[in-house]
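Examining the three-dimensional arrangement
Residue strings, one per chain:
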Amino acid sequence: MANVAGSQVVLSLIKESTYGTTPTVNTGDMTALALVTKDINGENSEINSRTVTPDGFAPIGTTGFESVTGSLEFELSAGTLDFNIPLVANSDWTTDDASEASVGVDFAASGSTATRSVGDWTTTFDVGDAVIISGAAEAENNGLRVITALTATVMTLTDKMEDGEAVAIVDEITATISVQGHSKYIDHVQTNYSYSAQRKVGDDYYTYTGVVSGGWGLSVTPDNTVSMTTDLLGKAEAGPTGTPLDSAPTEQSGSNPFSPVDAAIFIHTGGIAMECATDLSVTLNANISTAPVIASTVSCGVQRGTISFDGSTVTVFYDDVTSFPSSDTTFAMSIVFREAGTERFLSLYFPEAKILNRTLTVPSTENVTQQLSLTIGKAAGSPLVRYGYNENAS
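Everything numeric here is computed off the predicted structure, so don't read it as measured data.

With that settled, consider the overall build of the protein. Across its full length, the protein holds two helices and 27 strands. Counting over 394 residues, the protein shows a buried share of 48%. Taking all contacts inside the protein whose residues are at least 6 apart in sequence as the whole, residues at least 24 apart take part in 73%. For the protein, the accessible area works out to roughly 17,400 Å², and carbon and sulfur atoms hold 48% of it.

Once that is clear, we can look at the packing of aromatic side chains. All chains considered together, the criterion is met by four aromatic pairs. Taken together through their ring pairs, the aromatic side chains of F83, Y193 and Y195 make up a single cluster. Residue placement shows R116 over the ring face of W121; its charged tip is 4.4 Å from the ring centre. Across from the ring centre of Y206, 4.8 Å away, lies the NZ or CZ of R199, which sits over that ring.

Taken in spatial order, the six strands line up as β6-β7-β10-β9-β8-β13 and close into a barrel, and their pairing is antiparallel. Neighbour-to-neighbour, the strand axes of this sheet turn through a mean angle of 50 degrees, independent of strand direction. Where strand β8 (residues 130–134) meets strand β13 (residues 172–180), three bridges bridge the pair, whose relative direction is antiparallel. Bridging from a neighbouring strand, I133 pairs with V179 of β13.

What follows deals with the pairing of strand β7 (residues 113–116). Here four bridges tie strand β6 (residues 99–108) to β7, and the two strands are oriented antiparallel to one another. Each residue of the ladder has a partner; that of V105, found in β7, is R116. Taking the residues between adjacent antiparallel strands as the criterion, β6 and β7 are bridged by four residues, where G111 takes a positive phi near 95 degrees. Note: β7 against strand β10 (residues 154–157), three bridges, orientation antiparallel. Counted as the bridge partner of T115 is V154 from β10.

Walk down a regular strand and you will see the side chains alternate between the two sheet faces. With six bridges joining them, β6 and β13 adopt antiparallel strand pairing. From the neighbouring strand, G104 faces β13, where its bridge partner is T176.

A few words on the side chain of T207. Here T207 lies in strand β16 (residues 204–220). Leave out the neighbours within four places in its chain, and T207 touches T22, A197, A236, E237, A238 and L245.

All right, on to helix α1 (residues 81–89) then. Most of α1 sits out of view: eight of its nine residues are buried. Of the positions making up α1, those classed as buried are L81, F83, N84, I85, P86, L87, V88 and A89. Among the residues trailing α1, N90 stands out with phi positive, at a value near 55 degrees.

Counting residues in each nonpolar core, the largest one holds 47 residues, and the members touching the most others are L76, I85, W216, F337, L346 and Y387. Not counting the four nearest positions on each side in its chain, F337 is found in contact with L76, L218, V220, V226, F258, D262, A263, R344, F345, L346 and L348. Ranked by size, the runner-up nonpolar core spans 18 residues in total, among them V105, I169, A175 and V179.

On inspection of all chains with the given rule, the structure shows nine salt bridges. Residue D82 is joined to K184 by a salt bridge in which the shortest nitrogen-to-oxygen separation is 2.5 Å. Placement of D82 in helix α1 and of K184 in strand β14 (residues 184–187) is noted, with a sequence separation of 102 residues between them. The exposure class of D82 is partly exposed, given its relative accessible area of 39%.

The next point concerns the environment of S219. Within the secondary structure, S219 is located in strand β16. Relative accessible area serves as the criterion here: at 30%, S219 is assigned to the partly exposed category. Separated by 144 residues in sequence, S219 and E75 place their C-alpha atoms 9.6 Å apart.

About the criteria used
Residues numbered from 1 in each chain as written. Predicted model: local features only at pLDDT ≥ 70, side-chain atom pairs only at ≥ 80, totals over all residues. Heavy atoms only, no water. Helix = DSSP H or I, 4+ residues; strand = E, 2+ residues; numbered from the N terminus. Buried < 20%, exposed > 50% of the residue type's maximum accessible area, 1.4 Å probe, protein only. Contact = heavy atoms within 4.5 Å. Areas by Shrake-Rupley, 256 points an atom, 1.4 Å probe, with all protein chains shown as cover. Phe/Tyr/Trp six-rings, centres within 6.5 Å; stacked < 30°, edge-to-face > 60°. Lys NZ or Arg CZ within 6 Å of the ring centre and 35° of its normal. Pairing = 2+ DSSP bridges. Axes fitted to C-alpha atoms, helices over the stretch in contact; angles between N-to-C directions. Core = buried A, V, L, I, M, F, W, Y, C linked by side-chain atoms within 4.5 Å. Salt bridge = Lys/Arg side-chain N within 4 Å of Asp/Glu carboxyl O.

So, in structure tokens, the structure goes:
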């Protein structure tokens, strides 16, 4: 049974086709977000003169630009990813069924590869894709991995994480497998996405226009769900009024949140897999300029930004510490979250990363604790980040 404390606050969004202009809204067109926290408010700046007149007085200030600021936090779950990832990515999903069934392959432990003699891997998959392999006779070869290199016949894969251990590919001849990748993806190519928002507070409704995401933060902590936060910037606020834009918005489901226990980091150099169920924070700064938003220009002033990555007490399960990328090495990295008991997953692929600082602690022979600070940039010809989402619940 759900309890509501104080006024019922509901935040609903709809994508704008013209920046700052609310589209025609029919009942059910808006999406009422399932959120952990929500904060969105309009404000007017005051412009004051610094001049002091001869009689000792300053001119009266004037009202400046309207703006909207706020932030949202939501859990990663099958009920939120479809709408919320495009919101934070300022782009939209591209439908792409990256999966193949009944593929004959030979697995080779040396090189961590799956080689086919018929067909072409590159027509379906890309480097950086997370994939779930099933059907292999050797259990070690089944499971979720990330593609690190790809040719028409040879797919090179990372280790997989299983029960807190990195598991490598083993030799297996003439296996018949299925490979399930994402069902949709977003390449981070910044667009002028914007939303109109409706905030219901009791019986009052506020409308916000020109709302854009200012980047996101990803939090993975012990004994908690995986959550994502995003800062919001917007153009203007109107209300309160008793008339809603949408009296019955489509409600999100927040069921089955992804948990840290089903998360893993994959470093593509060397195919290293790391468990990140201890503590992890990732921040993307989209470098949104507030001035163009406040000035109501068509462009939201969105630029490609940089990503900072901080992993505190990330437990790394592998023996050879020297195999981890050195501080002067550029490498690719993926973070994958999976819903327990299903094939649903969200993958984030960063083509270009570099370590800024790292501290190693070796408490035992079984694991190495690394405290890492990384910077992630944009590789030439690649997206800043690729989001992959497999909606398959089987």
